[in-house]
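Here is how the chains run, residue by residue.
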Amino acid sequence: MDMSKYTDIFIEETREHLQKLNELILLMEGNHDAGLLDGIFRSAHTLKGMAATMGYNNMAELTHKMENLLQSLKSGEYKVSPEIVDVLFKCLDQLEKIIEDIASGGKGDIQNPEILDILAKSFDKTGSASDDRAKVDFNEFESNLISEAVKMGLHTYHVVVHIRPNCIMKSARSYMIFKKLESVGEVIKTLPSIQDIEDEKFDNSFELILLSSESAEVVRKEIISLAEVDEPEISQIKVEETQNEKSEKEEDKANSNPPKEKEKELKENSKEPPKLKLAHVSKPSQSVRVDIGKLDNLVNLVGELVINKTRLEQIAKLNPIPELKEALEQTNLLSSDLQNIVMNVRMVPVEQVFNRFPRMVRDLSRELGKDITLYIEGMNTELDRTVIDEIGDPLVHILRNSIDHGIETPAERVKVGKPAMGTIDLIARHEGNNVIIEVDDDGKGINPNIIRKKVAEKKILNEDNAFQLDDDEAINFIFHPGFSTADKVTDVSGRGVGLDAVKNKIESLGGDIFIESKIGMGTKFKIQLPLTLAIIQALMVQISEEIYSIPLSFISETTSIIPSQIKVVQDQEVMLLRDMVLPLVRLRDVYQVPGEPINIDEISVVVVKKGEKKIGLAVDYLIGQQEIVIKSLGENLDNIPGIAGATIFGNGLVSLIVDATSLF
Amino acid sequence: MNEFQTVVFLLENKEYGIEIQKVQEIIRLLKITRVPHAPHFVSGVVNLRGNVLPVMDLRLRFGFPPGPVTDDTRIIITKSENKLMGLIVDNVVEVIGMDNSWLEPPPVVTENIKTEFLQGVARIDQRLIIMLNLKKVNNLEFASSL
């Protein structure tokens, strides 16, 4: 069977299941609910089925072992403990490694003998390795078969057949084994499936359940009578065990058909379920999977539509024709709606990024000996998908910082009267045209004094200036490249590289990051991101012959002044805006624009704001407001200071977009 | 026979070549929007069917004085390392098939152009076509705005 065309679906669904398992296992650690265990079991079982169908035997084997561990949790043999949860997480990590290997074109045959060892060990507390083999799951159907058999006086054997490694025709050999066994009883179940055994999708052993009236010795003789077959392992399955298994499986109809028919049905069933399960795994909500390339194409086209629509409007202004105006108005409405919908399509809930954090926080806090709980709010808040992809790493860094440097150890916390358990709040919400993400911890906060000292030590500023920094200014120095107050470099943080990279990344997304901190109380990082990146409103301004675009979201107001209103304070040009002194930046100078000013008597000023600060951008002339589509300048020119990108006007002219934040 | 096609163009009346695989298209001069703070040989960006592309003046790149714009001036849109870059040249002459055996390494002093920009020199009858190392030419890293 060629399963390669299912590989993509397989990878997606496996990832979904792994994510679900991560969440459920985390939940289960805090709350030993049997229902959770069922859910975990189901996911693991589905994963095993999918992996076996696709032929990824490593994965199937690992999930099988995981299932066994879960089984013993279910039966109460083991209690949920942090150690067991750790083992489960290690399995998940390994599965993730395998699936990533498959996703990048590999065969997923990553071996990890240590994991299998750990699993085997965590098992072996009650008996020999054969115990774990005896715990084969039976669905209700099969258990019924077995009880029927017992009623008829038959034995139920669990047989593990070992074929010699150098055997060439494994499928022929296994066929002969089955033939032999059928002469002494009925084979009601095989592991892996019959199909897989016939396709030789097993290493050197496979397992089967045999119903027979003969003794184990007779069965054994039948098997080793064949060449190239090693000593098999035969164990009897007791009826009570199968009764236990019955209770935890999904409802199958109880059949009272004679065993032979059931065996046929079973053989078919063991082929079908994995495929069926592939279909069943999809969520009940009506949704469609769309390739990202198609979505991006759609957004591009809508962008082009907007540009052309603007052009039509300009032409219509110069050529007033009533019918044209009407048709254009309609077009406007339609394209606005289309724009909104397409923008929405690109929006993805932050849940995608946030959902891996609880696990990360748990693992890291355990590693560092701290007790921390992560509270997340606003999982449904939506962000443009390009932003979603990029925001993960900065958030990881900030969270790690909180855990490593922010929150104190339980002992330290109790000493200062805090609860031993630290909390980190991760909140996402909409605010105007932005999405705000806050990371708020109740740790020890940032000490401005230590920062001032470090700033002086590292000679970032000279001593006088360093100690003159007020608390807020000092705290903001943690964003400075090369800055770190940690005394030693740990794996997690302390290299002094992180927070400035975080700041750069966020600013490159058109966003901003602010920090508030109080010693002893905690630290809050506030990240502000624009809702949509591709199409924005902008103000077009002219300087000599060149036209620039300023995104409207930065603009607070516009005004015009005459040259005499410009004063100079400490080498900085300023003007008076009502009762406020506004620093003035001449874009002509920033962009080294050649040519003469259009009008020397009047200067137009665009007041832009960043957080609480405002500056005035001096230009020659304000042209007007327009919707523009943001185009990238290409990788060659993406680091030009002061320029955020480019846009193309309806007449084909390229205009550069002003990066307002960099001018502060 | 290891034949490859080359786009041959003129700069200051000397012939240069770029292998055709790296050439996406050849267009007439478009309106160029200046990009501040870019290296001096980057003339700016142009709009190519909805895409914003950077464009560089090859004369300035090689250290020649700027030349007049004529009807023959063209922009060669090249693709190197998956990035597009337009090169302004005086004239595009022809596309010619070349054989590997005609290539020689670049002489140490060639018209004062840095040898890193050159891949070699092709000798065809009396002609000497200077083959460009596009990867180096298009690489804007370490370029200072002189």
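This one's a predicted model, so the numbers in the text were calculated from it and none came from an experiment. (Residues numbered from 1 in each chain as written. Chains lettered and ligands numbered in written order. Predicted model: local features only at pLDDT ≥ 70, side-chain atom pairs only at ≥ 80, totals over all residues. Heavy atoms only, no water.)

1. Comments concerning helix α14 (residues 322-346) of chain A
Turning to step 1, where the next piece is worked out: The end-to-end C-alpha separation of α14 of chain A is 36 Å, in line with the 36 Å expected for 25 residues at 1.5 Å each.
Turning to step 2, where the next piece is worked out: Looking at the buried residues of α14 of chain A, the elements they touch are α13 (292-318), β5 (347-349), β7 (382-384), α17 (385-406), β12 (535-543) and β20 (621-631) of chain A. (Helix = DSSP H or I, 4+ residues; strand = E, 2+ residues; numbered from the N terminus. Expected span 1.5 Å × (residues − 1). Contact = heavy atoms within 4.5 Å.)

2. Some details on a negative patch on the surface
Turning to step 1, where the next piece is worked out: A grouping of D470, D472, E473 and E516 of chain A is seen on the molecular surface, where their side chains present a negatively charged patch.
Turning to step 2, where the next piece is worked out: With respect to the secondary-structure elements, E516 of chain A resides in strand β10 (residues 512-518). (Patch = residues over 30% accessible without salt bridge, like charges linked within 9 Å, V, L, I, M, F, W, Y side chains within 5 Å. Areas by Shrake-Rupley, 256 points an atom, 1.4 Å probe, with all protein chains shown as cover. Salt bridge = Lys/Arg side-chain N within 4 Å of Asp/Glu carboxyl O. Lys, Arg positive; Asp, Glu negative; His and termini not counted. Charge placed at Lys NZ, Arg CZ, Asp CG, Glu CD.)

3. Some words on the environment of I640 of chain A
Turning to step 1, where the next piece is worked out: Note on placement: I640 of chain A falls in the loop between β20 and β21 (643-648).
Turning to step 2, where the next piece is worked out: For I640 of chain A, a relative accessible area of 10% puts it in the buried group.
Turning to step 3, where the next piece is worked out: Residues I640 of chain A and D659 of chain A, 19 residues apart in the sequence, show an inter-C-alpha distance of 9.7 Å.
Turning to step 4, where the next piece is worked out: Those residues in contact with I640 of chain A that lie beyond four places of it in its chain are V35, P36, H37 and A38 of chain B. (Buried < 20%, exposed > 50% of the residue type's maximum accessible area, 1.4 Å probe, protein only.)

4. Quick notes on the interface of chain A and chain B
Turning to step 1, where the next piece is worked out: Taken residue by residue, the interface counts 23 residues in chain A and 20 residues in chain B.
Turning to step 2, where the next piece is worked out: Considering only the side of chain A, the residues that lose the most area to chain B are N636, L637 and V654 of chain A, jointly responsible for 34% of the buried surface there.
Turning to step 3, where the next piece is worked out: Where chain A touches chain B, the interface holds one salt bridge.
Turning to step 4, where the next piece is worked out: Put simply, R34 of chain B and E546 of chain A hold a salt bridge, and the shortest N to O gap is 2.7 Å.
Turning to step 5, where the next piece is worked out: At the surface where chain A touches chain B, the tally comes to five residue pairs in polar contact (both at pLDDT 80 or more).
Turning to step 6, where the next piece is worked out: Split into classes, the residues belonging to the side of chain A that touches chain B amount to 15 nonpolar, four polar and four charged. (Buried area = accessible area lost by both parts, 1.4 Å probe. Polar contact = N/O pair within 3.5 Å; in protein donor to acceptor, adjacent residues only side chain to side chain. Nonpolar A, V, L, I, M, F, W, Y, C, P; charged D, E, K, R; others polar.)

5. Things to note about a nonpolar patch on the surface
Turning to step 1, where the next piece is worked out: Where nonpolar side chains cluster on the molecular surface, the patch consists of I598, Y621 and I623 of chain A and spans about 290 Å² of accessible area.
Turning to step 2, where the next piece is worked out: According to the relative accessible area criterion, Y621 of chain A is partly exposed, its value standing at 46%.

6. Description of the packing of aromatic side chains
Residue and element names in this part refer to chain B.
Turning to step 1, where the next piece is worked out: In this structure the tally under the stated criterion is ten aromatic pairs over all chains.
Turning to step 2, where the next piece is worked out: Each ring, one from F9 and one from Y16, has its centre 6.0 Å from the other, and the planes form 20°; the classification is stacked. Side by side, F9 and Y16 carry an identical accessibility label, which is buried.
Turning to step 3, where the next piece is worked out: Consider the rings of F62 and F117, whose centres lie 5.6 Å apart with planes at 40°: the pair is tilted. With F62 in the loop between α1 (58-61) and β6 (74-80) and F117 in the loop between β9 (103-104) and β10 (118-124), this residue pair connects regions lying 55 residues apart in the sequence.
Turning to step 4, where the next piece is worked out: For F62, a relative accessible area of 5% corresponds to the buried category. (Phe/Tyr/Trp six-rings, centres within 6.5 Å; stacked < 30°, edge-to-face > 60°.)

7. Points about the nonpolar core
For soluble globular proteins, the rule of thumb is that nonpolar side chains tend to be buried together.
Turning to step 1, where the next piece is worked out: Ranked by internal contacts, the top residues of the largest apolar core, which has 62 residues, are Y548 and L617 of chain A together with F9, L58 and F62 of chain B.
Turning to step 2, where the next piece is worked out: Membership of the second largest hydrophobic core comes to 47 residues, among which are A428, F479, L499 and L529 of chain A. (Core = buried A, V, L, I, M, F, W, Y, C linked by side-chain atoms within 4.5 Å.)

8. Notes on the packing of α17 of chain A against helix α22 (residues 498-508) of chain A
Residues and elements named next belong to chain A.
Turning to step 1, where the next piece is worked out: Packing of α17 against α22 brings their axes to within 10 Å, and their N-to-C directions diverge by 150°. In this view, α17 runs roughly antiparallel relative to α22, as classed from their interaxial angle. At the point where α17 passes α22, the crossing takes the left-handed sense. Contacts between α17 and α22 involve E390, I391, P394, H397, I398 and N401 from the first element and G498, L499, V502, K505 and I506 from the second.
Turning to step 2, where the next piece is worked out: Each residue belonging to the contact of α17 with α22 can be placed in one class, and the counts come to six nonpolar, three polar and two charged. (Axes fitted to C-alpha atoms, helices over the stretch in contact; angles between N-to-C directions. Parallel < 35°, antiparallel > 145°, perpendicular 65-115°, else oblique. Left-handed = near helix turned anticlockwise from the far one by under 90°.)

9. Details of the packing of helix α1 (residues 7-30) of chain A against helix α16 (residues 357-367) of chain A
Residue and element names in this part refer to chain A.
Turning to step 1, where the next piece is worked out: Two numbers describe how α1 lies on α16: the axes approach to 9 Å, and their chain directions differ by 50°. By the criterion of interaxial angle, the relationship of α1 to α16 is oblique. The chirality of how α1 crosses α16 is left-handed. Residues N22, L26 and E29 of α1 form the contact with α16, whose own contacting residues are P358, R359 and R362.
Turning to step 2, where the next piece is worked out: Across the contact of α1 with α16, the residue classes tally to two nonpolar, one polar and three charged.

Any link to function would need more than the numbers given here.
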